Amino acid sequence: MPFNYVIGHLTGAILGPKLFGSLIFYFSGDFDSDLISDLKTLVLAAGGTLLVNKDHLVSQICVAKKTSKTLIVYNADQIDHCTSGDEDSRVLEILETAEDLAQRIGSRIIKHTWILESIAACKLQPLSCY
């Protein structure tokens, strides 16, 4: 691949609109500290906005509805790896908490993997039900 092509592609990626530029992210539930740190770094690098507490999320939602989409992110790994009854109830609680919050503020919930998939594809992936 010619060097000029690579430079042009990178310049467009840097100067062009940010992938998550109109999105606000709130992480709900339990995440491994390394995973959430990496996800937040990726969101910020792609131009997204992070809200760090639920009170701020609820208070800012009127402003956010006018200009951007708010996404409630939950840890899909917990859903995919549940094995015992106690873990099942904890996972359901995490998912229900995210769903309740999203419904209360008129937002969507997404698996954390949506962030990774969107970045890998260099475009926003469709928002599924979860």
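Definitions and cut-offs
- Residues numbered from 1 in each chain as written.
- Predicted model: local features only at pLDDT ≥ 70, side-chain atom pairs only at ≥ 80, totals over all residues.
- Heavy atoms only, no water.
- Phe/Tyr/Trp six-rings, centres within 6.5 Å; stacked < 30°, edge-to-face > 60°.
- Helix = DSSP H or I, 4+ residues; strand = E, 2+ residues; numbered from the N terminus.
- Buried < 20%, exposed > 50% of the residue type's maximum accessible area, 1.4 Å probe, protein only.
- Right-handed = clockwise from strand over helix to strand, strands pointing away.
- Contact = heavy atoms within 4.5 Å.
- Pairing = 2+ DSSP bridges.
- Axes fitted to C-alpha atoms, helices over the stretch in contact; angles between N-to-C directions.

1. Quick look at the packing of aromatic side chains
Within the structure shown, the criterion is met by three aromatic pairs. Seen from their ring centres, Phe20 and Trp114 are 5.8 Å apart, and the 25° between their planes marks the pair as stacked. In this pair, Phe20 sits in the loop between α1 (3-15) and β1 (23-27) while Trp114 sits in helix α6 (residues 112-121), placing the two residues 94 residues apart along the sequence. Here Phe20 matches Trp114 in class, with each residue buried. Between the aromatic rings of Phe27 and Phe31, the centroid separation amounts to 5.5 Å while the plane-to-plane angle is 80°, which identifies the pairing as edge-to-face. Joined through ring pairs, the aromatic side chains of Phe20, Phe25 and Trp114 make up one cluster.

2. Topic: the pairing of β1
Among the five residues that make up β1, five are buried, leaving the element largely enclosed by the rest of the structure. In β1, alternate side chains face the same way, and those of Leu23, Phe25 and Phe27 on one face and Ile24 and Tyr26 on the other are all buried. Remark: the β1/helix α2 (residues 33-45)/strand β2 (residues 49-51) crossover connection has right-handed handedness.

3. Thoughts on the side chain of Ser28
Here Ser28 shows up in the loop between β1 and α2. For Ser28, a relative accessible area of 5% translates into the label buried. With near-sequence residues (within four places) excluded, Ser28 lies in contact with Ile72, Val73, Tyr74, Asn75, Thr97 and Ala98.

4. Quick notes on the sheet that holds strand β4 (residues 108-111)
One open sheet holds the four strands; their spatial order is β2-β1-β3-β4, and the pairing between them is parallel. The open sheet is flanked by β2 and β4, the only strands paired with a single partner. On average, adjacent strands in this sheet sit at an angle of 35° to one another, irrespective of strand direction. Direction of pairing for β1 relative to β2: parallel, over a ladder of three bridges. Bridging across to β2, Ile24 finds its partner in Thr49.

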